[in-house]
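Reading the structure
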Amino acid sequence: ACKSVTFTVGESTMIELPLRSFSGTYIINETDHEKRAVYVQEQGREQGSRGAYLAYCASAGRWTLTNYWWAREESDGDDDDDDHCTGPWDPCCYYDLQSERTKTYDITEISEIQHYSGSSVDAGIKCNDCKEGSRDDSLAWASCGWAGVCNATTEFLGEREFEKKTCDCDPGHFGDSCQFKGPCTEMIFQDDEFPGYGKSFHLLYYEDKPLMVHDRPAYILRNPSSTSAGEFAALVFDGGRWRLVIEHDSFHEWDPTKGEKTIEKYLAEDFNALRDGEYDYEYISEYSNEGSPANVPFRASLSGQGSDSSVGKLGDEEFILLCADCDNGTSGITYCQGSWDDSIDDNLCISENSALHKSPVNRCNCEHGFIGPLCQTRPVEGKLLLHLEHGTANACSVCGEKNMWTVWELTGLNDKTCLPFPREPLVFEGANGTVVSRQLGLYLNETHFSVFVSNNGHFFPKDDDGDSNEVICSVQEGSNEFFSIQRNNVSNLMEQTHVDLAVLLNNNEDSLGEVVDPGDIDCFAKSGINEHECDGSKEDTLRKVYDPSLKKSDLMRAWIQFDLKVTQ
């Protein structure tokens, strides 16, 4: 028989119980039942089968999955209907899940899992027994994902003896078959953090090893700013979702005032989401079988009521965590983003000592203006919208509403400091038939973000900014700087600021333009312009929108709307 299995349970809105907490590693018991193996959930095993067990019920002809503590409470009752039960270890009583009818002795041959009511459940069983052997044995090495070796161990649960063959994973890997990289040492929010909490959570350790809860790493934030959180907030896996739990009144089975156990010891030895599943939480992730909470959306828990009572009603805003452990080409999990075409840059990943972790950690040393744990936030992000009023008053042709790439290459580094917009200058007909040309220049360097307007009338083909710095991104005759913000010269102190404004341009030869509120854009009727007509691929493509003959412009007004985030 398999010495160790992983049981995975999905979610169903048809069933009230949070069945996902049955998920996890189960190890074989020294005693059998009906000549078949009995498997006990490993999580919380220090407290004597604090979780669940798998065994065969001959009278039902099914394998069953039972919550031991709930069964123990039921068997201790005075209900006469329970007289046929022999106790909480009886697999024919008080069980929650069941297999199809079968006589198999091999638990991995089970093909279907049902709720005791008969409803189908999304669940599966996988044997974890690896093949003993050296790395020279390809089958043995493959059984541990080519990232570990197989070892046989004997462990005890009280007086019960458990034997299992498990993978001893190489540094930087974990999981029943070493299938996950990590565990990650620090989780940092991609954008906004949970309100009232800090920006990052660090890996918990117990007895000098990463602390696992339901086979996933646990994370902690010490001394959060939220006054309700107490001395810590923790991210704990419940078998299918990560929950943010806080010290005060969160773990009902743990009393920190007695000083008997630290939170690390409690989570490692006692906690099981089946037994302690009523613990409070403020945020909860989407369901996930990944090895960490990275890139798994979290939302606020608003109440205990909802279409799925195991989750409850959730807030709309999503919060995303990223793993900060970068890959330097030798070790690491995630990758630092470079400035060139959003490419991976191993050279940005450096090793540094950390007082919170047992060995040096890898962190991204971002180029100036790039922020975030993986340098994933660029110096300028967002949209530039162009509104052209022509032909009829208040009727506008618009482009840029869905184009997030216009400002992508404005990084403030090397030759990427000036962005002409639009690349083809706007042409108005002024008094006495004169030509009035207007064009913006967005300028970024280490100290400032500025916006210039120019009347130079210079066309800049796509991907060729040429001498734009001298032509439109500097103060000279025929140009004017009308907006500027100062930037912090230290990248790790930078944050994004929202630039939300509009620039009004018209045929007034004496005015280079003015800054207005985006709400003042005077377009009541809109029609879309193909993006390729705005991107400067070919000269005069944009002008043909409002001057098809290229002889007489009927452009009356133009607004360039900024919806940008700039690191400063």
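Regarding the overall build of the chain
- Scanning the chain from N- to C-terminus turns up 5 helices and 37 strands.
- Against the globule reference of 24 Å for 568 residues, the chain gives a C-alpha radius of gyration of 31 Å, more extended than a compact globule.
- Each principal axis of the C-alpha distribution contributes one length, and for the chain these read about 105 × 50 × 45 Å.
- Here the chain holds 568 residues, and 51% of them are scored as buried.
- Residue pairs in contact within the chain that sit at least 24 positions apart in sequence constitute 58% of those at least 6 positions apart.

Thoughts on the confidence of the model for the chain
- Per-chain confidence: the chain averages 87 in pLDDT, with 91% of residues scoring 70 or above.
- Note that residues 304-308 has pLDDT below 50 and, in this model, 10 contacts with residues that lie over four places away or in other chains.

A few points about the state of the cysteines
- For the coordinates displayed, the defined rule picks out 13 disulfides.
- In this model, C130 is linked to C150 through a disulfide, with the two sulfur atoms separated by 2.0 Å. Its S-S torsion of approximately 80° makes the covalent link between C130 and C150 right-handed. Of this pair, C130 sits in the loop between β9 (123-127) and α2 (138-142) while C150 sits in strand β10 (residues 148-157); the two residues are 20 residues apart in sequence, bridging distant segments of the chain. When sorted by exposure, C130 lands in the same class as C150, which is buried.
- Each sulfur of the disulfide joining C184 and C323 lies 2.1 Å from the other. Taking the sign of the S-S torsion, about 105° here, the bridge from C184 to C323 comes out right-handed. Pair noted here: C184 is in the loop between β13 (180-181) and β14 (186-189) and C323 is in strand β25 (residues 321-323), with a separation of 139 residues, a long-range link. Across the pair, exposure class does not vary: C184 and C323 are buried alike.

Here's the deal with the packing of aromatic side chains
- Inspection of every chain in the model, using the stated rule, returns 18 aromatic pairs.
- Through a chain of ring-to-ring contacts, the aromatic side chains of F189, F194, Y197, F201, Y283, F298 and F319 assemble into a single cluster.
- A cation sits over an aromatic face here: R36 above Y56, 3.8 Å from the ring centre.
- The residue whose ring lies beneath R36 is Y105, and the NZ or CZ to ring-centre distance is 3.9 Å.

Details of the sheet that holds strand β32 (residues 448-454)
- Ordered by their spatial adjacency, 4 strands build an open sheet running β30-β31-β32-β33, and the pairing between neighbours is antiparallel. If you trace the sheet from one side to the other, it starts and ends with β30 (418-429) and β33 (479-486), each paired once. When the angles between neighbouring strand axes are averaged without regard to direction, this sheet yields 15°.
- Relative to strand β31 (residues 435-444), β30 runs antiparallel, the two sharing 8 bridges. Paired with L426 across the strands is R438, a residue of β31.

Digging into the nonpolar core
- By size, the foremost hydrophobic cluster in this structure holds 36 residues, and its most contacted members are L386, L388, L426, L442, F449, F562 and L564.
- At the level of secondary structure, the elements contributing two or more residues to this core comprise β28 (380-390), β30, β31, β32, β34 (496-506), α5 (543-546) and β37 (555-567).
- Setting aside its immediate chain neighbours within four residues, L388 contacts A395, C396, S397, L426, I529, L542, Y546, L555, R557 and A558.
- Ranked by size, the runner-up nonpolar core spans 23 residues in total, among them F201, F237, I246 and F298.

What about the pattern of salt bridges?
- Within the structure shown, the criterion is met by 22 salt bridges.
- With a shortest N-O distance of 2.8 Å, E11 and R20 are connected by a salt bridge.
- Ionic pairing is found between E193 and K199, a salt bridge with its closest N-O pair at 3.5 Å.
- For E193, a relative accessible area of 30% gives the class partly exposed.
- Among the charged side chains, a network of salt bridges with common partners joins E11, R20, D238, R241 and R243.

With respect to the pairing of strand β15 (residues 200-203)
- As defined by bridge partners, β14 adjoins β15 across 3 bridges and the pair is classed as antiparallel. When the bridges of β15 are listed, I188 appears paired with S200.
- With 2 bridges connecting them, β15 and strand β20 (residues 219-222) associate as antiparallel partners. Looking across to β20, one finds that H202 is bridged to I220.

Let's talk about the sheet that holds strand β5 (residues 62-67)
- Pairing is antiparallel across the open sheet formed by 9 strands, whose spatial order is β8-β7-β6-β5-β4-β3-β2-β1-β9. Each of the sheet's edge strands pairs with one partner strand only, and the pair in question is β8 (120-121) and β9.
- Direction of pairing for strand β6 (residues 97-99) relative to strand β7 (residues 113-115): antiparallel, over a ladder of 3 bridges. Counted as the bridge partner of S99 is I113 from β7.
- Helix-sheet contacts for helix α1 (residues 68-75) involve β4 (52-57) and β5, and the interaxial angle to β5 is about 85°.

Notes on α1
- Those residues of α1 not exposed but buried are Y68, W69 and A71. Down the axis, α1 shows its buried residues gathered within 160° of arc, on one side only.

Some remarks on the pairing of strand β27 (residues 361-364)
- Burial along β27 is two-sided: the face carrying V361 and R363 and the face carrying N362 and C364 are both buried.
- Two strands pair when backbone bridges link them, and strand β26 (residues 349-352) and β27 are joined in this way by 4 bridges, in the antiparallel orientation. The partner of I350 across the bridge, within β27, is R363.

Side note on the environment of Q98
- Topologically, Q98 is positioned in strand β6.
- In sequence terms Q98 and S120 are 22 residues apart; their C-alpha atoms lie 9.7 Å from each other.
- In this structure, Q98 is in contact with R62, W63, T64, E112, I113, Q114, H115, Y116 and G118, ignoring residues within four places of it in sequence.
- Of the polar contacts made by the side chain of Q98, one reaches the side chain of Y95; its length is 3.5 Å.

So, unusual backbone geometry
- That bond from G182 to P183 is cis: its omega, 5°, falls within 30 degrees of zero.
- Structurally, the position occupied by P183 is in the loop between β13 and β14.
- Put simply, F421 and P422 share a cis peptide bond, and its omega is -15°.
- Mapped onto the secondary structure, P422 falls in strand β30.
- In this structure, W146 takes a positive phi of about 55° despite not being glycine.
- One can find W146 in the loop between α2 and β10.
- According to the relative accessible area criterion, W146 is exposed, its value standing at 54%.

Definitions and limits used
- Residues numbered from 1 in each chain as written.
- Predicted model: local features only at pLDDT ≥ 70, side-chain atom pairs only at ≥ 80, totals over all residues.
- Heavy atoms only, no water.
- Helix = DSSP H or I, 4+ residues; strand = E, 2+ residues; numbered from the N terminus.
- Rg over C-alpha atoms; globule rule 2.2 N^0.38 Å.
- Buried < 20%, exposed > 50% of the residue type's maximum accessible area, 1.4 Å probe, protein only.
- Contact = heavy atoms within 4.5 Å.
- pLDDT = per-residue confidence, 0-100.
- Disulfide = S-S within 2.5 Å.
- Phe/Tyr/Trp six-rings, centres within 6.5 Å; stacked < 30°, edge-to-face > 60°.
- Lys NZ or Arg CZ within 6 Å of the ring centre and 35° of its normal.
- Pairing = 2+ DSSP bridges.
- Axes fitted to C-alpha atoms, helices over the stretch in contact; angles between N-to-C directions.
- Core = buried A, V, L, I, M, F, W, Y, C linked by side-chain atoms within 4.5 Å.
- Salt bridge = Lys/Arg side-chain N within 4 Å of Asp/Glu carboxyl O.
- Arc of directions from axis to C-beta.
- Polar contact = N/O pair within 3.5 Å; in protein donor to acceptor, adjacent residues only side chain to side chain.

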